[in-house]
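Listed below are the residues making up each chain.
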Amino acid sequence: MDLKFSNAEASAEERDAVDRLLGAGDGGWHGGERDEQDHRRAHTGHAARSRRHFVMEALHAVNDRVGWISPGALNYVGKRLSVAPADVYSVATFYALFSTHPRPKRIVHVCTDIACMARGSKAVCADLEKRLGPASADNGWKHSPCLGVCERAPAAMAVEAGDPPHEHLIGPATVDAIALALEDGPAALAAEAPPAMAVPQAGQDGLMLLKRVGRVDPDSIDDYLATDGYAGLRRAFEMQPGQVISEVKDSRLMGRGGAAFPAGIKWESTAKQPATPRYLVCNADESEPGTFKDRAILEGDPFALIESMTIAGYAIGAERGFIYLRGEYPRAHRMLHNAIDTARERGFLGNDIQGSGFSFELEIRRGAGAYICGEETAIFNSIEGYRGEPRSKPPFPFEAGLFGKPTVVNNVETLCNVPLIMRMGGAQYARIGTEGSTGPKLFCVSGNLVRPGVYEVPFGATLGDVLTLAGGVPQGRKLQAVLLGGAAGGFVRADELNIPLTFEGARANNTTLGSGVVLAFDDTVELPAILLRIARFFRDESCGQCVPCRVGTVRQEEALLRIAHNRRDTAAKGRDIGLLRDVGLVMKDSSICGLGQAAWNAVESAIDRLGVLEKSP
Amino acid sequence: MHVFGAGGGTSSYREAEDADLLVFWGSNAREAHPIFFHHALKAIHKGAKVYAVDPRRAKTAEWADAWLGLDVGTDVALAYGIGREIIHAGLVNEAFVANATTGFEEYIAACEPWTLEVTSRETGVPADLIRQLAHDYAKAERAQICWTLGITEHHNGTDNVRSLCNLALLTGHVGRWGSGLVPLRGQNNVQGGGDMGAIPKNLPGFQDVGNADHRAKFERLWNVTMPPKYGMTLSEMMHAMDEGHLTNLYIIGENPVQSDADSNAVGKRLENLDHVVVQDIFLTKTASYADVVLPSTAAWCESEGTFTNSERRVQLVRKALEPPGSAKDDIEIMRLIAERLGRGWPEQTAEQIWDELRAVSPRHHGMSYRLLAERGGLQWPFPDENGPESPFLHGRLWEKDPEKRGQLAPFGTPKHSLPVDKLDDEFPLRLTTGRRLTDYNTGVQSGGFNSPIRFGACVDLSPEDMARLDVNEGEWVRISSRRGSVLAPVRREPGLRPGLLFMACNFPDEVDVNALTIEANDPISGTAEFKATAVKVEKTNEVPTWERNVFTKLGREKQELAPAE
Amino acid sequence: MNAPYPVTPVQQVTIKIDGEDVSVPEGSTILTACNAAGKDTPTLCYGDTLTPKNACRVCMVELKGSRVLVPSCSRKVSPGMEVMTDTERVRHSRRLVLELLGSSVDLSTTPRIPEWMQRYDADPDRYGERSGESLTRDIHEPGEHHAGNGYVAATMSQPDKIDNDLYVRDYSKCILCYKCVDACGTQWQNSFAIQIAGRGFDSQISTEYAAELPDSACVFCGNCVEVCPTGALSFKSEYDMRAAGTWDESQQTETTTVCTYCGVGCNLNLHVQDNKIVKVTSPHDHSIGHGNLCIKGRFGFVHVHSRSKEGSDS
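Residues numbered from 1 in each chain as written. Chains lettered and ligands numbered in written order. Predicted model: local features only at pLDDT ≥ 70, side-chain atom pairs only at ≥ 80, totals over all residues. Heavy atoms only, no water.

### A word on the domain arrangement of chain C
Residues and elements named next belong to chain C.
- Looking at the assigned domains, one finds that chain C contains domain 1 (10-134) and domain 2 (167-308).
- A C-alpha centroid distance of 26 Å is found between domain 1 and domain 2.
- Contacts between the two partners involve 19 residues from domain 1 and, on the opposite side, 20 residues from domain 2.
- Contact between domain 1 and domain 2 buries roughly 1,500 Å² in total, counting both sides, with carbon and sulfur atoms accounting for 60%.
- For domain 1, the biggest contributors to the area lost against domain 2 are T49, L50 and T109; these three give 36% of the whole.
- If you look at where domain 1 meets domain 2, you find zero salt bridges.
- The interface formed by domain 1 and domain 2 holds seven residue pairs in polar contact (both at pLDDT 80 or more) in total.
- Residues of the side of domain 1 that touches domain 2, tallied by class, amount to nine nonpolar, seven polar and three charged. (Domains from an automatic or database assignment. Contact = heavy atoms within 4.5 Å. Buried area = accessible area lost by both parts, 1.4 Å probe. Salt bridge = Lys/Arg side-chain N within 4 Å of Asp/Glu carboxyl O. Polar contact = N/O pair within 3.5 Å; in protein donor to acceptor, adjacent residues only side chain to side chain. Nonpolar A, V, L, I, M, F, W, Y, C, P; charged D, E, K, R; others polar.)

Encoded structure:
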């Protein structure tokens, strides 16, 4: 391509960061040293342009090394990957973890999202402001949406650019810990809590999805093998791919990411497509506020995901799978890397897996702070090295997904049910849970509860059951409301604890399970402030592609702000609630993707179900 | 392309979108024909492979899966090397060659010496690339070779074209949808001018002046007797001026004093003529040599008529503006001259004259103004108003019936011949010339707008040559050939290799590039060897007066991007 | 002559629009069907030479069986579809999209806006006073924003970008329809000079690090201006005349002719006012350029007007 770059050059450090990812420069036409060969030949066609899917990783490499993406570094990434600088810039400026301005090497991202709000993040921020100045990159700390550490709320993530970079999730976050991370670097912090800390049930008998968490060394494939690991894959290899799909269909496994689509149908329709290659994508971009269940698996039992994806790849005829991992899960990233490398060394990935004749490779792509990338088509764009903007459907992923090819995209938890199904058989699996919701289910239980964490229950438990498992609200407090399904979900009242947490039960009660968030608020929490935080979240996370969501989320936040500032003027409040309904409806009806369509759900339920805005004085 | 018996590109632009392989040979279409390149880009995004054969790695080559950086003037050799490889790899389209061509045995013999090694040595192109291009071109389902002045502006331009035609014949990449030979015309109406008979041997519609039957048609129409004598090519005219046979010249819409090779010589010739008439929209440098200047209208916006483009599409040109001052339509000027010469030509509209043409040119016969307007132009041949259009030519060569197949296409056996202006110790560098995206010809028209991406006059040097000469971008050098010498600022261009220089021809007032070029003309087309001049370059402290115009763009390029505040 | 490229016969598909049968060729969009049925459908991001981006969502219609409304500009027809174009939901959606745009973007040069605003009873003023010019829209901090007190409606308002003599970028008028990006990108020009930078409401069409156009990869073909639906991109000639109050489309003629700058033969639409070319566009339905030109075709007309100073340009 006839690309044009400014004269800005990458520093040696920036080059090194990119070269370690992509290999040393290959000639003068691709950003490297010009040699005599370059006088007579150049290959800057299709092959050169086919490497765009490294853009995210290359930007990570630079950002993680020097803390920001300079014009020279951006040019170098563009030259190495044959991508126009304006294109690289458009990607870099889409993701919150990347910076296109100079900023300090050490930054702490302090979660101010709803679960952390319920557990004191406001006070932490107020103290930080006193100690460090207002939140800004220059002052070393920033506000962050949900970091997925809700069981240890309030949470923060400390990062330090360098070689190697350091990243550390802090929870519960204290001002002292944050200050220490800034002064001495994240390495000075005490070790992160072990993965099992997220799972209060860890070690209990009868768990299916979480049975290894806390019981095995998650970095050890031998531990994994000793606890039924790869039994599911062996069973799958005894079947034809079509039979594997039949078993999954028989299991009636529904997607656990939020949309509750039957996994077997998804696999089958993808496998039927004539176009090849087909791809498998694992959606590990768990970013729904209040959601942290996938992290528990990724950190506590990473080989389970590798095995699950290998089975899925075998079933749908994919030879390549991608794990799209949210950028805020540094430990999960390290552990997945280890698991993939180990599995490959032991013949569980790569060519001719365990003599089956089936070959499968896995690659990780890290997100960089964009909730929207959990949308099933935005994730493709992000993997391919584009902005994480959702695509218009149709075509659906099974027809034209990653790289325009038939693709299955499944959530981590969904996939991790597959080895169970293989081992038990689909029909047996389907006996777990209820008629409409089969299998075990993970719930992310957080907020004002005694024992927040990830809980596994067979489908059929009620909301009350799950809250009881988590110890209920602390003594002396009263449950005020529960948010189900996260920011895109809806509130229910404290008197609705008998709602069955099944897909059909939620539907019958006009609410949603979403990604399995059960976020409890006791009577100390100001719900209007929670609504504002949710509105702020959607305004910040809207990709900006379509008007209803791009502008609607802004107007929604503005109206809520007006209501907050102006509680006594009932006429004005009435007008603003009407405006919220108008804006909410167009977002729901006319946004391109689920983000915009759901951006008003929680606010709507708070108004209609809780009467929050009418009630507030 | 007399190989096929008609002078026009074989394919329509739309076909490029369906090609599997595009070879840009001596064509920087990305800059010189940007909108044609849009069609190529469609193909590229559908997966088509692109090869670029060009001494420079120009913008087009930057899109190529493989760029072959040959030495200037070794095109015939490279084509033989490719042809030989196709033959030896058994990739010849045997059926097509047997049915549709002649002279294959002679062609094989001519190819034989050009092994990959020999070709590589002669052209500078790595052998593996030659082989790869040969195989990909031969194996492609649909492949086109597109060329421009990089092929034709040589002393043996016709031989170069012939060499490319040979490759198409060898592989059957002609006469089919998506396959073809695509000469991209440099000027808006080169095709139309040729079609209308502005070629020494032709009457309108590619009818031969030497053919009595053809002549008779026109003689009847115009009620005159026509001399059966061919006219002169431009280079023949130059020669005739030198000899003193040609003493009067009527120049319409040309600026030869700046656009022709060895421009100093052209000026001297004009000075010596008895009478020079220049008809132009501007008072060009050539006009300053004229005894009489006839101000004319800008054909594309101040008068009516047709242009014919590189895909043989005749399109209507319409009047949008009233011409300034005393400027007159070309038709009206001709009529007034005829009147002074005692011929009472009637006042005619452009459409009436077009209809007259249609009456005598079968391939234009169906093209009424009404249809041209309705269809956004029509591609010739279009003999019948109700007939189909002709997106590509020479489909007849694929006919089973020899009758329908008509005259077979002959292979040629051109000789490889290096540029006339030889490199030696005194003039060791090769200068090639061309056009930039933002500029056009001698800049008379394109100079009118303030292009933010205009470099202005400069000489492009490879980074290696800049280091050797110890010059930085923006510094001045003196470039000299055996004929002349100019000053120009340096621009760094990594697309050039050591020893290869490039200058745009678009700023003759500042840097008269054609003071350097050689008037070595192709014997058939009459085109000069603009693409190959032997020069030397010296660092200098001299700076001409026009330098203030130059640096804005070069200066801009140097600024580093600062992050937004 | 051989047969040209293969032409597959196209089936007609019949769908119902507002209860009436409409037949259109297979592969057509609902919008095409709406047009065939005489349903005037507002569109902004739709471009006749571009793949629908369906970003503006003003053309939404109700499709029986669909949970949400669907964009008529991109959804292809399938047999038996039942489409409603004027239900309460559709009217609400169109009204709100117009309001949301009208409250955040300067639509003063967007054709037909007053008519549509009236038709759908849109009131963009009800979102409060509009924010003034922002000088920081080119700084991108995705995931963060400064929320005020809610009484000032955030807008796109920002200074015009005038960094060259050929065209002006007035992003206060930008609805982020992506058409310029697509025209500059893989769909036509493939120069990739501009892209969307930033995220959400803070998105902005931008070069890398907001570099000025002459320093970017821009080749000044003007193909972005050709497709801009709101006047956010305009030719400098038009911009200056509008500023001077002399721009008068009722006094302009538009003549199609052929470019003189190379042998490709692109068609030019010359817009002439007072015997001066004031801008050049290109017919979108022409097989050569599909509305696209290069810098010379788009801006190279100036020389015809410099002849009053005879000889000065030679």
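### Regarding the packing of aromatic side chains
Residue and element names in this part refer to chain B.
- Summed over all chains, the structure comprises 34 aromatic pairs over all chains.
- Centre to centre, the rings of Y80 and W114 are 6.4 Å apart; their planes meet at 10 degrees, and the pair counts as stacked. Here W114 lies in the loop between α6 (104-111) and α7 (116-123) and Y80 lies in helix α4 (residues 75-88), a separation of 34 residues in the sequence. Per residue, the accessibility class of Y80 equals that of W114, and both read buried. (Phe/Tyr/Trp six-rings, centres within 6.5 Å; stacked < 30°, edge-to-face > 60°. Helix = DSSP H or I, 4+ residues; strand = E, 2+ residues; numbered from the N terminus. Buried < 20%, exposed > 50% of the residue type's maximum accessible area, 1.4 Å probe, protein only.)

### Brief notes about the domain arrangement of chain B
Residues and elements named next belong to chain B.
- According to the domain assignment, chain B contains domain 1 (13-183), domain 2 (232-308 + 313-379) and domain 3 (429-556).
- Computed over C-alpha atoms only, the centres of domain 2 and domain 3 are separated by 30 Å.
- With 14 residues of domain 2 at the contact, the number on the domain 3 side is 17 residues.
- Around 1,300 Å² of area is buried between domain 2 and domain 3 when both sides are counted, 48% of it from carbon and sulfur atoms.
- Of all residues in domain 2, Q258, A261 and D262 give up the largest surface area on contact with domain 3, accounting jointly for 40% of the area buried on that side.

### A few points about the interface of chain A and chain C
- Taken together, the contact between chain A and chain C spans 60 residues of the former and 64 residues of the latter.
- Here chain A packs against chain C, burying approximately 5,200 Å² in sum over the two surfaces, 53% of which is carbon and sulfur.
- The largest share of the area that chain A buries against chain C comes from Y89(A), R555(A) and D589(A), three residues that together contribute 12% of it.
- Linking chain A to chain C there are seven salt bridges.
- A salt bridge links E389(A) to K53(C); the shortest N-O distance between them is 4.0 Å.
- Where chain A packs against chain C, one counts 39 residue pairs in polar contact (both at pLDDT 80 or more).
- Where the side of chain A that touches chain C is concerned, the elements lending two or more residues are α4 (71-81), α5 (85-92), α22 (527-541), α23 (547-565) and α24 (570-590) of chain A.
- For the side of chain A that touches chain C, the leading source of residues is α23(A), giving 12 residues.

### Here's the deal with the sheet that holds strand β4 (residues 70-71) of chain C
All names here are of chain C.
- Spatially, the five strands line up as an open sheet ordered β2-β1-β5-β3-β4, and their pairing is mixed. The open sheet has two free edges, formed respectively by β2 (20-25) and β4, since each of these has just one partner strand.
- When strand β3 (residues 60-63) meets strand β5 (residues 82-84), the two strands line up antiparallel, connected through two bridges. Across the sheet, E62 pairs through a bridge with M84, a residue of β5. (Pairing = 2+ DSSP bridges.)

### Quick notes on the pairing of strand β1 (residues 21-25) of chain B
Residues and elements named next belong to chain B.
- The element β1 is largely enclosed, with a buried count of five among its five residues.
- Of the two faces of β1, the one lined by L21, V23 and W25 and the one lined by L22 and F24 are each fully buried.
- Of the strand pairs in this sheet, β1 and strand β5 (residues 143-147) are connected by five bridges, and their pairing is parallel. By the bridge assignment for β5, L21 is matched with A143.

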